[in-house]
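Residues per chain, in single letters:
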Amino acid sequence: MKLNKLLLAIGLTVALYSCDSASKDDITPAPKGKGTYILNNGNWGSNDSNIGIYDPTTKTLTADAFKAANGQNLGDLGQDIISLGENIYIAVNGSQTIFVTDADLKIKQQINADKDGARLSPRYFTTSGNKVYVTYYEGFVGEISNDYSVKLCPVGPNPEGVAVAGGDLYVANSGGMAYPTYNNTVSVVSMSTFTETSTIEVSVNPAKVEASSDGAYVYVSSFGNYAEVPAKLQVITVANGLVADLDYPSVSAIAKGKDDILYILCGGYDENWNPLPGTVYKHAMKANKTLGTFVT
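Now for a quick tour of the structure. The structure displayed is predicted, hence computed values, not measured ones.

Comments concerning the packing of aromatic side chains
For any pair of aromatic rings, the description rests on two quantities: the centre-to-centre distance and the angle between the ring planes. This structure, assessed with the given rule, holds nine aromatic pairs. Measuring from centroid to centroid gives 6.1 Å for Y182 and Y226, while their planes differ by 75°, and the two rings are edge-to-face. On the criterion of sequence distance, the pair formed by Y182 in the loop between β15 (168-173) and β16 (185-190) and Y226 in the loop between β19 (217-222) and β20 (232-237) is long-range, its members being 44 residues apart. Assessed through its relative accessible area of 44%, Y226 is described here as partly exposed. Ring geometry for Y248 against Y281: centres 5.4 Å apart, planes inclined by 55°, an arrangement best described as tilted.

This is the structure we're talking about:
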């Protein structure tokens, strides 16, 4: 599902935005929990993030399905989407809100987390058991329980991705608001005590993390500083905390697919904003070895 979101969102953005001016009667009702959910960020401050649902059986797209289900816009900067049981969780970063919906994207609950009187901004999700974990850009990771309450643990500055391995959370601390002196650590948070137990030094500006299903390896993609420090993919061996570089050029995104295959999107832009060639590679996560090119 994550890979579909990554690949389909590129090709379907135009289709989704072409329906922005349509009336509610023009929008096909969302499929009953069947299909791929495509979250589009939207533009900063524009309250125009949206979700499309692609049904692979009928090959049809329900554009802006959240608005169709609720009669309201999703909000400012949709950041991440994940499912757990019968619920779908949607992080809307700029609006500092998490929506919990059913499969048709009908709102069941709205979650807002605060610390010292300030509203927190959700970023990325992962799940373990019956709980959802989410990073908050103000320097926290949150644990969402069945009653939708949120417990917070301080981590590093401006955390992004989060993954579960060996009973711990691995949180990428980007330091994204401290340009040009980004952070370069991953916080290890015990899920039993929900406290940070250690940090692991990685490359500059870490963004996304994915863990192998056996908990042996955690993969970290970092953006670098967009100049002399390049974007990079690294692997943490959980047993000893050692970090090794992997030989993939200009990594811009990673996504875990079926059978523990890590899909690695390489490309993006150089320091002068010239586009770089784009390739998606495959990597066997449990064996920690390359599987070559998926698509160019």
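Notes on the sheet that holds strand β4 (residues 78-84)
Spatially, the four strands line up as an open sheet ordered β4-β5-β6-β7, and their pairing is antiparallel. With one partner strand each, in any of the chains shown, β4 and β7 (107-111) form the two edges of the open sheet. Each adjacent strand pair in this sheet contributes to an overall mean axis angle of 20°, direction not counted.

Section: the environment of D270
Relative to the elements of secondary structure, D270 occurs in the loop between β23 (261-269) and β24 (275-284). Assessed through its relative accessible area of 24%, D270 is described here as partly exposed.

As for the pattern of salt bridges
Scanning all chains against the criterion turns up six salt bridges. Between E160 and R123 there is a salt bridge, with its nearest N and O atoms 3.0 Å apart. With E160 in strand β14 (residues 159-165) and R123 in strand β10 (residues 122-128), the pair connects residues that are 37 residues apart, well separated along the chain. A salt bridge links E143 to K131; its shortest N-O distance comes to 3.4 Å.

A few points about the environment of R123
You can call R123 buried: its relative accessible area is 12%. C-alpha separation for the pair R123 and G161, spaced 38 residues apart in sequence, amounts to 7.6 Å. At 3.0 Å, the side chain of R123 and the side chain of E160 are in polar contact.

A closer look at the pairing of β7
Across four bridges, strand β6 (residues 97-101) lies against β7 in antiparallel orientation. Across the sheet, residue V100 finds its bridge partner in β7, namely Q109. Remark: five residues form the turn of the hairpin made by β6 and β7, two consecutive strands paired antiparallel; L105 in that turn has positive phi of roughly 70°.

Re the side chain of T97
Here T97 shows up in strand β6. If near-sequence neighbours (up to four positions away) are discounted, T97 is found in contact with I90, A91, V92, Q110, I111, N112 and P122.

Observations regarding the nonpolar core
Ranked by size, the top nonpolar core spans 16 residues in total, and within it Y89, I98, F125, Y136 and I144 carry the most contacts. Looking at this core, the elements that each hand over two or more residues are β4, β5 (87-92), β6, β11 (131-136) and β12 (140-144). Element by element, the count of residues in this core is highest for β11, at three residues.

A closer look at the sheet that holds strand β13 (residues 150-154)
Within a sheet, neighbouring strands are paired by backbone hydrogen bonds and run either parallel or antiparallel to one another. The four strands are arranged β10-β11-β12-β13 in an open sheet whose pairing can be described as antiparallel. Lying at the two open borders of the sheet, with one neighbouring strand each, are β10 and β13. On average, each strand axis in the sheet is tilted by 25° relative to the strand beside it, whichever way the strands run. Inspection of the sheet shows β11 paired to β12 by five bridges, in the antiparallel sense. Each bridged residue has a counterpart across the sheet, and for T135 the counterpart in β12 is V141.

Each value, and the rule that gives it
Residues numbered from 1 in each chain as written. Predicted model: local features only at pLDDT ≥ 70, side-chain atom pairs only at ≥ 80, totals over all residues. Heavy atoms only, no water. Phe/Tyr/Trp six-rings, centres within 6.5 Å; stacked < 30°, edge-to-face > 60°. Helix = DSSP H or I, 4+ residues; strand = E, 2+ residues; numbered from the N terminus. Buried < 20%, exposed > 50% of the residue type's maximum accessible area, 1.4 Å probe, protein only. Pairing = 2+ DSSP bridges. Axes fitted to C-alpha atoms, helices over the stretch in contact; angles between N-to-C directions. Salt bridge = Lys/Arg side-chain N within 4 Å of Asp/Glu carboxyl O. Polar contact = N/O pair within 3.5 Å; in protein donor to acceptor, adjacent residues only side chain to side chain. Contact = heavy atoms within 4.5 Å. Core = buried A, V, L, I, M, F, W, Y, C linked by side-chain atoms within 4.5 Å.

Read these as layout, nothing more, since geometry by itself doesn't imply function.
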